[in-house]
Amino acid sequence: MLITKENVRLFYFGGFGEFDDLCHKIVSELKNKYPNIYRIFCLSDPRHQRLSKRPIWIKDEDYEEIIYLNLINDYWYKRIYFRNCEMIDRSDFVVFYVNHSERSGAYKALQYAIKKKKQIINICDVLKV
């Protein structure tokens, strides 16, 4: 629906967790049908800009582009949050799987997206219906 009705072409990924893996798999399968969509991996660690320092699970062939978002915080856990906020800032639509656990990073990112008035799809809410 995002591709066909909303003309979404850019899909940002952070690459941490099962939900990220599932989303990447779905978008990669959709790329076969819609070759003009772009998968963009957003690095959260500045060291990973150098290919020799990049984790082996981040593969160039899995993405059309790998970028580093210049973040304001350098502590690894907060860096992930700020990376997620930057991805949200760049997006019109944001897809989550959040069960409203206030302690999770995904919940905090969801609250940020709400504050930024983004169009949100929370798969967790959809599955409860």
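Another aspect to go through is a nonpolar patch on the surface. Together, Phe16, Ile56 and Trp57 make up an exposed nonpolar region whose accessible area comes to about 370 Å². Position of Phe16 among the secondary structure elements: in the loop between β1 (10-13) and α1 (18-33).

Looking now at the nonpolar core. For soluble globular proteins, nonpolar side chains are generally found buried alongside one another. The biggest cluster of nonpolar side chains holds 14 residues, and the ones touching the most others in it are Ile3, Val8, Phe11, Phe13, Val27, Ile37 and Phe41. Secondary-structure elements contributing two or more residues to this core are β1, α1 and β2 (38-43).

A few words now on helix α3 (residues 105-115). Regarding α3, the residues found buried are Tyr107, Ala109, Leu110, Tyr112 and Ala113. Phi for Lys117, located one or two positions after α3, is positive at around 60°.

Before going further, it helps to examine the packing of aromatic side chains. Per the stated rule, a full pass over the model turns up five aromatic pairs. Ring geometry for Phe19 versus Tyr97: centroids 6.1 Å apart, planes at 40°, classification tilted. Taken together, the positions of Phe19 in helix α1 and Tyr97 in the loop between β4 (93-96) and α3 put the pair 78 residues apart, joining distant regions of the chain. One aromatic cluster is present, built from ring pairs that chain together Phe13, Phe41, Trp57 and Tyr63.

A few words now on the pattern of salt bridges. Scanning the model with the defined rule gives six salt bridges in all. Between Arg47 and Asp45 there is a salt bridge; the shortest N-O distance is 2.4 Å. Its relative accessible area of 56% is what places Arg47 among the exposed residues. Owing to a relative accessible area of 7%, Asp45 belongs among the buried residues under this scheme. We note a salt bridge from Glu86 to Arg90, for which the minimum N-O separation is 3.1 Å. Through salt bridges that share partners, Lys31, Arg39 and Glu64 make up one connected network.

The rules behind each value
Residues numbered from 1 in each chain as written. Predicted model: local features only at pLDDT ≥ 70, side-chain atom pairs only at ≥ 80, totals over all residues. Heavy atoms only, no water. Patch = residues over 30% accessible without salt bridge, like charges linked within 9 Å, V, L, I, M, F, W, Y side chains within 5 Å. Areas by Shrake-Rupley, 256 points an atom, 1.4 Å probe, with all protein chains shown as cover. Salt bridge = Lys/Arg side-chain N within 4 Å of Asp/Glu carboxyl O. Helix = DSSP H or I, 4+ residues; strand = E, 2+ residues; numbered from the N terminus. Core = buried A, V, L, I, M, F, W, Y, C linked by side-chain atoms within 4.5 Å. Buried < 20%, exposed > 50% of the residue type's maximum accessible area, 1.4 Å probe, protein only. Phe/Tyr/Trp six-rings, centres within 6.5 Å; stacked < 30°, edge-to-face > 60°.

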